[in-house]
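# Report on the structure
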Amino acid sequence: MKRREFITLVGGAAPAWPLAARAQQPALPVVGFLGTTTPNDYASRVAAFHEGLKEAGYIEGQNVAMEYRWPEGRYDRLPMLAADLVRRQVAVIAAAGPPAARAAKAATSTVPIVFTSGDDPVEAGLVRSLNRPGGNITGVHLFLTELNAKKLGLMRDLLPHLQAMAALLNPTSQNADPQSKELQAAGRALGLHIDIFNASSESEIDAAFIAIAQQRLGALVVGNDPFFFSRREQLVALAARHAIPVVYDLREFADAGGLMTYGTNLKNAYRQAGVYVGRILKGEKPADLPVLRSTKFEFVINLRTAKALGLTFPPGLLAIADEVIE
């Protein structure tokens, strides 16, 4: 073989080497993220989830791929979306919110699932126990439902002469009945009469606020539900229009103009979920990972809204607030 022919042969073969090497690389593991409402609603939570993945050594596009599914607030679409992730043969499903967690659990008994849920995961039937979840599922318990009594107490501290108030729940949610019972029990302990109002659509939210205003109930507590989070702008606007003091569960409501919020620090919870997904990708089993419980809670006060309602927060409440929006 002539020298020129040899150089041409080697030079022509060289570009194929990296292509062959890339073809031999194993496919990236895929994490399925099953949301409950919209990508916009979950933007900060997804970012926190990725922080957790990074802590565990995984970065999207480098050594892990992501598949996102969003039902746009239509819970009836969740079973189909969960089944689609199972057919996609994802390595882990991250289920964001109680409806997504239930759909993922119903869709598979083999694909590992990491949930974030405001409901009690044992009572909801997601796990056998917090310390020994069993099966293919574990996650982070947000304690949102259990904090309703605390929210009533905060409203009573703001309005000490309050005798009756409303509670807004989503009747299509599995946790509506437990929340109703908890709120009624907490109200009795505080000497408060609690009227339950139901809403699962924009028009029903409008109607509920009209009824609450007509009945002259002194305040409102909004129950824990992803649908209400997706309608936070509407809820805050209606509270201002009807001059109703409202306490919510997540700080994003206060950022949107809500009077006050008390609930779990969601960014920390979703970061923890990301870490758990990373650990499972490395080979750990969900059954061996105890359900984590939120330890960071936030009490946020919006003084601008208080002023618009003609309310003054007592010094004691201002002193314990984690943040005061002025």
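Residues numbered from 1 in each chain as written. Predicted model: local features only at pLDDT ≥ 70, side-chain atom pairs only at ≥ 80, totals over all residues. Heavy atoms only, no water.

A separate point is the nonpolar core. Across soluble globular proteins, nonpolar side chains show a tendency to be buried alongside one another. Formed by 74 residues in total, the largest nonpolar core has its most connected members in Phe33, Leu34, Phe49, Leu220, Leu235 and Val277. In terms of residue count, helix 12 (residues 266–281) provides more of this core than any other element does, eight residues in total. If we skip the residues at most four places from it in the chain, Leu220 touches Met155, Met165, Ala166, Ala167, Leu168, Phe209, Ile212, Ile244, Pro245, Val246 and Val247. Formed by 27 residues, the second largest nonpolar core is a distinct cluster that contains Ala219, Leu259, Tyr262 and Ala321. (Core = buried A, V, L, I, M, F, W, Y, C linked by side-chain atoms within 4.5 Å. Buried < 20%, exposed > 50% of the residue type's maximum accessible area, 1.4 Å probe, protein only. Helix = DSSP H or I, 4+ residues; strand = E, 2+ residues; numbered from the N terminus. Contact = heavy atoms within 4.5 Å.)

Right, let's talk about empty space enclosed by the protein for a bit. Applying the stated rule across the entire model yields two cavities of 30 Å³ or more. Within this model, the largest cavity holds a volume of roughly 170 Å³. Together, 18 residues line the largest cavity, and Arg45, Leu144, Asn224, Pro226 and Leu250 are the ones closest to its centre. Those elements that place two or more of their residues in the lining of the largest cavity are helix 9 (226–230) and helix 12. When residues in the lining of the largest cavity are grouped by element, the largest group, three residues, is from helix 9. Of the residues that constitute the lining of the largest cavity, the class distribution is 11 nonpolar, four polar and three charged. (1 Å grid on protein atoms, 1.4 Å probe; cavity = no way out; pocket = protein on both sides within 12 Å on 5 of 7 lines; lining within 4 Å. Points joined across faces, edges and corners; volume = space filled by probe spheres on them. Nonpolar A, V, L, I, M, F, W, Y, C, P; charged D, E, K, R; others polar.)

Spatial ordering of the open sheet is given by 2-1-3-4-5-11, a layout of six strands whose pairing is parallel. Two strands close off the open sheet at either side, each with one partner strand: strand 2 (65–69) and strand 11 (292–293). In this sheet, strand 2 lies alongside strand 1 (residues 30–34) in parallel orientation, the contact comprising five bridges. When the sheet's bridge partners are listed, Val30 is paired in strand 2 with Ala65. Relative to strand 2, helix 3 (residues 43–55) is tilted by about 155°, and along the sheet it contacts strand 1, strand 2 and strand 3 (92–96). Running over the sheet, helix 12 touches strand 1, strand 3, strand 4 (113–117), strand 5 (137–141) and strand 11 and is turned about 170° from strand 4. (Pairing = 2+ DSSP bridges. Axes fitted to C-alpha atoms, helices over the stretch in contact; angles between N-to-C directions.)

Counted by the stated rule, this structure contains 14 salt bridges. Where Asp84 meets Arg69, a salt bridge forms, and the shortest distance between an N and an O atom there is 2.7 Å. Of this pair, Asp84 sits in helix 4 (residues 78–87) while Arg69 sits in strand 2, and the two are 15 residues apart along the sequence. The exposure class of Asp84 is partly exposed, given its relative accessible area of 25%. Relative accessible area serves as the criterion here: at 16%, Arg69 is assigned to the buried category. Here Glu284 ties to Arg279 by a salt bridge, and the two come within 2.9 Å at their closest N and O atoms. Judged by its relative accessible area of 33%, Glu284 is partly exposed. Residue Arg279 is classed as partly exposed on the basis of its relative accessible area of 32%. Three or more residues are tied together by salt bridges with common partners; here these are Glu67, Arg69, Asp84, Arg87 and Arg88. (Salt bridge = Lys/Arg side-chain N within 4 Å of Asp/Glu carboxyl O.)

Another aspect to go through is the side chain of Gln272. Assignment of secondary structure puts Gln272 in helix 12. Judged by its relative accessible area of 15%, Gln272 is buried.

Enumeration over the complete set of coordinates arrives at 11 aromatic pairs. Seen from their ring centres, Phe33 and Phe49 are 5.4 Å apart, and the 75° between their planes marks the pair as edge-to-face. On the criterion of sequence distance, the pair formed by Phe33 in strand 1 and Phe49 in helix 3 is long-range, its members being 16 residues apart. As far as burial versus exposure is concerned, Phe33 and Phe49 are alike and both buried. Ring geometry for Tyr262 versus Phe297: centroids 6.4 Å apart, planes at 15°, classification stacked. Here Tyr262 is found in strand 10 (residues 260–264), whereas its partner Phe297 is found in strand 12 (residues 297–302), with 35 residues between them in sequence. Take Tyr262: its relative accessible area is 16%, and that puts it in the buried class. A relative accessible area of 29% means that Phe297 is categorised as partly exposed. By way of ring pairs, the aromatic residues Phe33, Tyr42, Phe49, Tyr68, Trp70 and Tyr270 are connected into one cluster. We note Arg45 situated over the ring of Phe229; from NZ or CZ to the ring centre the distance is 4.4 Å. (Phe/Tyr/Trp six-rings, centres within 6.5 Å; stacked < 30°, edge-to-face > 60°. Lys NZ or Arg CZ within 6 Å of the ring centre and 35° of its normal.)

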